[in-house]
Amino acid sequence: MAAGEPGPGGDRPAPEEDPGEDPGEFRAEDAFDAGAVGAWLTDRVFGLGGAGAPPVVRQFAGGASNLTYLLVFPDRELVLRRPPAGARTGTAHDVAREYHLQRRLRPHFAYVPAVVGLCEDESVIGSPFYVMERIDGVVPRAEMPAAIGTAPAGMAGLADRFVGVLAELHAIDVDAAGLADLGRGPGYVERQVGQWTQRFRRVRTENVPDFEEVIGWLAAHRPDDCGRCVIHNDFRLDNLVLDPADPLRVRGVLDWELATVGDPLMDLGSSLAYWVEAGDGPVARRLKRQPTDLPGFPTRAEIVRRYGELTGRDVGGWAFYEAFGLFRVAVIAQQIYRRYLDGGTTNPAFRDFWVWVGAAHGRARAVIDDAG
């Protein structure tokens, strides 16, 4: 298993393909041999021997990270994750790391999907992949699913569960759980600022801001690590699977490929970079990926205060973490946009991702100006 915190490659602002929504047909560029997967599962996972019947395969839409598919068998449904073509280097697309991390973390955090098998033999479908159980439920998107509703009291309660589940994750004792090797030790904040800066400079195009003033401010105001815990690194409302019969019950947390051991406030800052609130401008609300501007949802500042109450952590120096989270989102969007321009993906949803970069830059500069 690859140890250590993942680098910035492979992140994205688009919704991850997740097992809590209805999948669609294969995209031609992402297709694989369903019969080969069925045979491998029948032999290596189900322990039945023989070729076995191929599953019906559907692809979860959206996303720019590891690709996700639903495998439908007569008696069960599973989810397969594999790297996208042309993006199979580094820990951000390391499905073996993702598999082992979920297997090790699940005993300490019940929201992690149960993994059932890892295939590192690329001759099966042309890439490594792993398979996990599907979590039934609904996932909030830009519009709240009808099964959840939009009553303000419900939205307030859902937001509280959101921050509560993150606090639960950050409360895991990494040493007692035997998870310390998932990180690289002290200096997480410094490493992240440096890595994301390098990444942005490599993929920048002329139609987006250069971010040099933001980068300089982050380097000058960089704090020491405020703690050491398991962090998700992409904890968003649209990575939660909710129980439609009880929307305040979280059935699962998805998308663990970037999880590591690091600074908890960096995790919260990255999370809230996606949190659009009612008072944000029209561009931010048009680009939203989760329905956090609905009546009843708290502001980002209120989420930060609630996190501080739940964890006892000092959140007084929040401006750095907010600005960093926004810079990180900008890099995520820019690297996907650059991949689209370079022909690494044909998904037309990525054509306008440069707009994300400009919007994130504007918010980051506002945070810095307010900080003085």
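Residues numbered from 1 in each chain as written. Predicted model: local features only at pLDDT ≥ 70, side-chain atom pairs only at ≥ 80, totals over all residues. Heavy atoms only, no water.

### Here we look at the overall build of the protein chain
Along the protein chain, the regular secondary structure elements total ten helices and nine strands. Across the 372 residues that make up the protein chain, the buried fraction comes to 58%. For the protein chain, contacts bridging at least 24 residues in sequence account for 75% of all contacts bridging at least 6. As displayed, the protein chain has an accessible area near 14400 Å², and 50% of this comes from carbon and sulfur atoms. (Helix = DSSP H or I, 4+ residues; strand = E, 2+ residues; numbered from the N terminus. Buried < 20%, exposed > 50% of the residue type's maximum accessible area, 1.4 Å probe, protein only. Contact = heavy atoms within 4.5 Å. Areas by Shrake-Rupley, 256 points an atom, 1.4 Å probe, with all protein chains shown as cover.)

### A closer look at the state of the cysteines
In total, this model carries zero disulfides according to the counting rule given. Free cysteine Cys229: the closest other cysteine sulfur is in Cys226, separated by 7.5 Å. (Disulfide = S-S within 2.5 Å.)

### So, the pairing of strand S8 (residues 246–253)
Sheet topology note: the strand S7 (residues 240–243)/S8 ladder contains four bridges and is antiparallel. In the strand pairing of S8, Leu242 is matched with Val250. Following S7, the chain reverses through two residues before pairing antiparallel with S8. (Pairing = 2+ DSSP bridges.)

### Concerning the confidence of the model for the protein chain
Summary statistics for the protein chain give a mean pLDDT of 89 and a share of 89% for residues scoring 70 or more. Confidence drops under pLDDT 50 across residues 9–20; counting only partners more than four residues distant or on other chains, this segment forms 76 contacts. (pLDDT = per-residue confidence, 0-100.)

### Considering the nonpolar core
The biggest cluster of nonpolar side chains holds 81 residues, and the ones touching the most others in it are Leu105 and Phe109. Formed by 17 residues, the second largest nonpolar core is a distinct cluster that contains Ala34, Leu41, Leu78 and Val131. (Core = buried A, V, L, I, M, F, W, Y, C linked by side-chain atoms within 4.5 Å.)

### Brief notes about the side chain of Arg81
Counting through the fold element by element, Arg81 comes out in strand S3 (residues 77–82). In terms of polar contacts, Arg81 uses its side chain to reach the backbone carbonyl oxygen of Asn66, at 3.2 Å. At 3.3 Å, the side chain of Arg81 forms a polar contact with the side chain of Glu257. (Polar contact = N/O pair within 3.5 Å; in protein donor to acceptor, adjacent residues only side chain to side chain.)

### Quick word on the packing of aromatic side chains
For the structure shown, the criterion picks out 18 aromatic pairs. Ring centres 5.2 Å apart and planes at 45 degrees place the aromatic pair Phe162 and Trp275 in the tilted group. Taken together, the residues Phe162 in helix H3 (residues 152–170) and Trp275 in the loop between helix H6 (264–272) and helix H7 (282–286) connect sequence positions 113 residues apart. Each member of the pair, Phe162 together with Trp275, is buried. Ring centres 5.4 Å apart and planes at 85 degrees place the aromatic pair Phe320 and Tyr321 in the edge-to-face group. For the pair shown, Phe320 and Tyr321 are each scored as buried. Above the ring of Tyr274, the side-chain terminus of Arg236 is found at 4.9 Å from the ring centroid. (Phe/Tyr/Trp six-rings, centres within 6.5 Å; stacked < 30°, edge-to-face > 60°. Lys NZ or Arg CZ within 6 Å of the ring centre and 35° of its normal.)

### Let's talk about the pattern of salt bridges
Side chains carrying opposite charge are able to pair once their charged atoms draw close together. Throughout the structure, instances matching the rule amount to 24 salt bridges. Across the pair Arg134 and Glu77 runs a salt bridge, and its minimum N-O distance is 3.0 Å. Of the two residues, Arg134 sits in the loop between strand S5 (129–133) and H3 while Glu77 sits in strand S3, which places them 57 residues apart along the sequence. Close ionic contact of Arg81 with Glu257 constitutes a salt bridge, the shortest N to O distance being 3.3 Å. Remark: Glu257 occurs in the loop between S8 and strand S9 (260–262) and Arg81 occurs in strand S3; sequence separation between them is 176 residues. One exposure class covers both Arg81 and Glu257, and it is buried. When salt bridges with common partners are traced through the structure, they connect Arg81, Glu98, Asp255 and Glu257 into a single cluster. (Salt bridge = Lys/Arg side-chain N within 4 Å of Asp/Glu carboxyl O.)

### Some remarks on the sheet that holds strand S1 (residues 56–59)
Across the sheet, five strands lie side by side as S1-S2-S3-S5-S4; this open sheet has antiparallel pairing. The open sheet is flanked by S1 and strand S4 (115–119), the only strands paired with a single partner. Strand-to-strand twist of the sheet, defined as the mean angle between neighbouring strand axes without regard to direction, takes the value 25 degrees. The pairing of S4 with S5 spans four bridges and is classified as antiparallel. By the bridge assignment, Val115 is partnered in S5 with Met132. Across the sheet, helix H1 (residues 34–45) lies against S1, strand S2 (67–72), S3, S4 and S5, angled at about 115 degrees from S4, the strand it touches most. Here helix H2 (residues 95–105) sits on the sheet and contacts S3, S4 and S5; the angle it forms with S4, its principal contact strand, is near 155 degrees. (Axes fitted to C-alpha atoms, helices over the stretch in contact; angles between N-to-C directions.)

### Considerations on the environment of Gly47
Along the chain, Gly47 turns up in the loop between H1 and S1. The exposure class assigned to Gly47 is exposed, which follows from its relative accessible area of 58%. Filtering out sequence-adjacent residues up to four positions away, Gly47 remains in contact with Leu41 and Thr42.

### Examining the packing of helix H9 (residues 318–341) against helix H10 (residues 354–371)
The geometry of H9 relative to H10 is characterised by a closest axis approach of 8 Å and an angle of 165 degrees between their N-to-C directions. Judged by the inter-axis angle, H9 sits roughly antiparallel to H10. The handedness of the crossing between H9 and H10 is left-handed. Between H9 and H10, the contacting residues are Ala319, Glu322, Ala323, Leu326, Val329, Ala330, Ala333, Gln334 and Tyr337 on the first element and Trp354, Trp356, Val357, Ala360, Arg363, Ala364, Val367, Ile368 and Ala371 on the second. (Parallel < 35°, antiparallel > 145°, perpendicular 65-115°, else oblique. Left-handed = near helix turned anticlockwise from the far one by under 90°.)

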